[in-house]
Amino acid sequence: MRLNCIINGAAVSVDIDADARLIDVLRDALALTGTKEGCAEGECGACTVLIDGLAVNSCLVLAAQVEGRSLLTIEGLASGDGANALQRNFIERGAIQCGFCTPGMLMSATALLMRVQQPSREEIRRALAGNLCRCTGYEPIIEAVAAAADEMAGPA
Amino acid sequence: MAALATALGRATPASRLIAGGTDVMLQLRASGERPDLLIDISGMGELVFVREQGGRIHIGALTSFARIEADGLLRIHANCLSQAAAHVGSAQVRNIATIGGNVANASACADAIPALLALDADLGIVDRTGQVRRYPLREVLARAGGPRPGVGEAIVDLSFASLRDHQRSAFAKVGVRSSVAVARLNAALFVTLDAARASIAGARIAFGSVAPVAFLDERVAAGLCGRALDEDTAQRFADACAALVTEAIAQRASRPYKQWAIRGLADDLWNAIRGSPTH
Ligand code: FES
Ligand code: FES
C-alpha cells in the first residue's frame, strides 16, 4: 500500500507493507537512521518521533497509522545554521555520552517544549520518563533541557 | 462507522483490530503471527471524545490516555480514571494507547480497568451489522474465553454515571519503576458518603495485577460500608486488602512483595478518598 504523509516539512509518498512498523519505514525505506531502535517494545524511547506534535514510540506504531499526518524526526531538528538550542545544550552540558538515547531524548524534550515553554524539573523528568539512558545518569540531560528552555524563553 | 461495520464483516478469528497499536504491535512481534486482516481504526476521529450526556459520562474508545489525563470533566467525575491514565506507561505510550484498546486487551496490569470497574462502567460494542449494544464491563471481563470483544466486534465507547454529591474515587499503583514498568499492583476505590459526609454509605473497590484479570471485590467493599472516615476504618481497610492479596496470590513468587506493597496502596487510596474535595 501507499503511504502519504509529511516528514520534517516535506511531502513523502512511499510503498509500505500494511503491517510495517513506522520505525522500519523511517530507517529502511527512507534512510532516516537518526531514529534508533533499542528495545522494540515501547520501554526505552530511543525510537521516539513526533506525530502531529506528540511524542510516540515509532516501534509501537504502524506506518499506515501516520497516513496524512505530519512527522518530525531527529533529522528535522537542526536549523539551517546547525544545531538548535536544545541540541547545543545537550552537547555543551555533557548530556551525551554514547549518544544512543540522544535522538529519542531530544524528540521527547522537543515535544515538551512545544507544549510548555518553561517546564519545571519535575515536568522535564516526567516528559523524559519513557527515555532510558544507560550512560549519563540523567541529571545532565535534565539540566540541558532546562537550560535550552531558559535560552529559548529569554530575550533574543 | 458504516465502514467499520463493513470491515468487521470481513474479520475472522485470525484478524486483529488496531486502536492505538501499542499492545497489538507487541503481541504480533512476540508471536510472529501475521493476521489475515488488520483493521486499523486508529484514524477514526469520531471515536475520540469525552462528554456528559443524560447523567452519564461517555468516553470514545479511541481517546488516548494523554487526553483522558488532561480532561477537566474526567478530573471532576472520574478522579480514579484521570489518575490511572496519568500512570499508564510513558508520555509516548500515553499519546498512542487508547482506553478502548486497554480494555480490549485487558492484560492483568492494564491500568484503566480497575478504575473503570470502580466506576461501574459499561461498554458500547458494535457488531458487523453496525448495531451497538451495551454491556457492563464486569460482565465482559468475566466472559468465558477472555474479555476481548468477539470476532467481528469492536468497542466504540465506555460510559459511567456522572459523579453525584458526596461521591469520591481514587486510584493507586505500586510498580517497580512507577512511571514506565507495567503495573505490579493497582487498585481503584469509589465511595459514596452519607449525607453528613462522616461515614461510608457504599463502596466499590477493584484490584489489578492480583489475578489474571482485574476484578471487583465485594468483601473488602462491604467491610467499608457503614464505617466512619477515621483511623480505625483505615486500619481495617488495609488489613482487608492485605488478606485479599494473601489469598489471591498464595502460590506466586511475587507474594511477599505484594503483601508489603498492598498496605502502601491501601494507604494511598484511603488518603486520597479522605482528602479529596467532594463535588
Ligand atoms: S525501540 Fe521503541 S521504545 Fe525502545
Ligand atoms: S548517552 Fe548512552 S544511552 Fe544515553
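Reading guide: rules and limits
- Residues numbered from 1 in each chain as written.
- Chains lettered and ligands numbered in written order.
- Predicted model: local features only at pLDDT ≥ 70, side-chain atom pairs only at ≥ 80, totals over all residues.
- Heavy atoms only, no water.
- Core = buried A, V, L, I, M, F, W, Y, C linked by side-chain atoms within 4.5 Å.
- Buried < 20%, exposed > 50% of the residue type's maximum accessible area, 1.4 Å probe, protein only.
- Helix = DSSP H or I, 4+ residues; strand = E, 2+ residues; numbered from the N terminus.
- Contact = heavy atoms within 4.5 Å.
- Phe/Tyr/Trp six-rings, centres within 6.5 Å; stacked < 30°, edge-to-face > 60°.
- Lys NZ or Arg CZ within 6 Å of the ring centre and 35° of its normal.
- Axes fitted to C-alpha atoms, helices over the stretch in contact; angles between N-to-C directions.
- Parallel < 35°, antiparallel > 145°, perpendicular 65-115°, else oblique.
- Left-handed = near helix turned anticlockwise from the far one by under 90°.
- Nonpolar A, V, L, I, M, F, W, Y, C, P; charged D, E, K, R; others polar.
- Domains from an automatic or database assignment.
- Buried area = accessible area lost by both parts, 1.4 Å probe.
- Salt bridge = Lys/Arg side-chain N within 4 Å of Asp/Glu carboxyl O.
- Polar contact = N/O pair within 3.5 Å; in protein donor to acceptor, adjacent residues only side chain to side chain.
- Pairing = 2+ DSSP bridges.

Please set out the nonpolar core residue by residue, giving values where relevant.
Residues and elements named next belong to chain B. Membership of the largest hydrophobic core comes to 66 residues, with the highest contact counts inside it found for Ile59, Leu81, Ile99, Leu116 and Phe160. Ranked by residue count, the leading element in this core is helix H8 (residues 112–118), at six residues. For leucine 81, the contacting residues outside a window of four places in its chain are Ile59, Ile68, Ile99, Ala112, Ala115, Leu116, Leu119 and Phe160. Of all hydrophobic cores here, the second largest spans 32 residues; its members include Ala187, Val245, Leu265 and Ile273.

How would you explain the packing of aromatic side chains if you had to name every residue and give the values?
All names here are of chain B. By the definition in use, this model includes two aromatic pairs over all chains. With a centroid separation of 6.1 Å and an interplanar angle of 40°, the aromatic rings of phenylalanine 237 and tryptophan 270 are classed as tilted. A residue pair is termed long-range when its members are at least 10 positions apart, and phenylalanine 237 in helix H11 (residues 231–248) and tryptophan 270 in helix H12 (residues 255–275) qualify at 33 residues. Accessibility classification places phenylalanine 237 together with tryptophan 270 in one group, the buried group. A cation over an aromatic ring shows up here: arginine 204 above the ring of phenylalanine 190, its NZ or CZ 4.7 Å from the ring centre.

Explain the packing of helix H3 (residues 102–115) of chain A against helix H5 (residues 139–153) of chain A residue by residue, including any values.
Residues and elements named next belong to chain A. Between H3 and H5, whose axes approach to 11 Å, the crossing angle comes to 40°. Between H3 and H5, the angle falls in the class oblique. Remark: the crossing between H3 and H5 carries right-handed chirality. Contacts between H3 and H5 involve Met105, Ala109 and Leu113 from the former and Ile141, Val145, Ala149 and Met152 from the latter. In terms of residue class, the contact of H3 with H5 is built from seven nonpolar, no polar and no charged.

So what's going on with the domain arrangement of chain B? Residues and values would help.
All names here are of chain B. For chain B, the domain assignment lists domain 1 (2–161) and domain 2 (167–275). For domain 1 versus domain 2, the separation of C-alpha centres amounts to 24 Å. Contacts between the two partners involve 23 residues from domain 1 and, on the opposite side, 25 residues from domain 2. Summing the contributions of domain 1 and of domain 2, the shared interface buries around 1,700 Å²; its carbon and sulfur component is 62%. Across the pair aspartate 111 and lysine 173 runs a salt bridge whose closest N-O atoms are separated by 2.9 Å. The interface formed by domain 1 and domain 2 includes six residue pairs in polar contact (both at pLDDT 80 or more). Of all the secondary-structure elements, those providing two or more residues to the side of domain 1 that touches domain 2 are helix H5 (79–87), H8 and helix H9 (137–142).

Please provide a residue-by-residue account of the pairing of strand S5 (residues 122–126) of chain B, values included.
If a strand is regular, its side chains alternate between the two faces of the sheet. Residues and elements named next belong to chain B. Buried residues dominate S5, accounting for five of its five residues. Going residue by residue along S5, you find Asp122, Gly124 and Val126 tucked away on one face and Leu123 and Ile125 tucked away on the opposite face as well. The sheet contact formed by S5 and strand S6 (residues 132–136) spans five bridges and is antiparallel. Paired with leucine 123 across the strands is tyrosine 135, a residue of S6. If you look at the hairpin formed by S5 and S6, you'll find five residues sitting between the two strands, and glycine 130 has a positive phi there, around 90°. With five bridges joining them, S5 and strand S7 (residues 154–161) adopt antiparallel strand pairing. Of the residues in S7, the one forming a bridge with valine 126 is alanine 154.

Outline the pairing of strand S4 (residues 56–60) of chain B, supporting the account with residue identities and numerical values.
All names here are of chain B. Counting buried positions along S4 gives four out of five residues, so the element sits mostly inside the fold. Judged from the four bridges that link them, strand S3 (residues 50–53) and S4 form a sheet pairing that is antiparallel. Across the sheet, residue glutamine 53 finds its bridge partner in S4, namely arginine 56. With antiparallel pairing between neighbouring strands as the criterion, S3 and S4 make up a hairpin whose turn holds two residues, including glycine 54 at a positive phi of roughly 55°. Judged from the five bridges that link them, S4 and S7 form a sheet pairing that is antiparallel. Along S7, the bridge assignment pairs histidine 58 with serine 159.

Outline the side chain of Thr102(A), supporting the account with residue identities and numerical values.
Residue and element names in this part refer to chain A. Along the polypeptide, threonine 102 turns up in helix H3. Given a relative accessible area of 7%, threonine 102 falls into the buried group. Those residues in contact with threonine 102 that lie beyond four places of it in its chain are Phe90 and Ile96.

With reference to specific residues and values, describe the sheet that holds strand S11 (residues 215–216) of chain B.
All names here are of chain B. Taking strand neighbours across the sheet as the criterion, the four strands line up as S8-S9-S10-S11 in an open arrangement whose pairing is antiparallel. For this open sheet the edge positions go to strand S8 (167–174) and S11, each flanked by a neighbour on one side alone. Inspection of the sheet shows strand S10 (residues 200–208) paired to S11 by two bridges, in the antiparallel sense. What sits directly across from phenylalanine 207, in S11, is phenylalanine 215. Along the sheet face, H5 touches S8 and strand S9 (185–193) and points at about 20° away from the line of S8. Strands in contact with H11 are S9, S10 and S11; relative to S10, the strand with the most contacts, it is inclined by about 35°.

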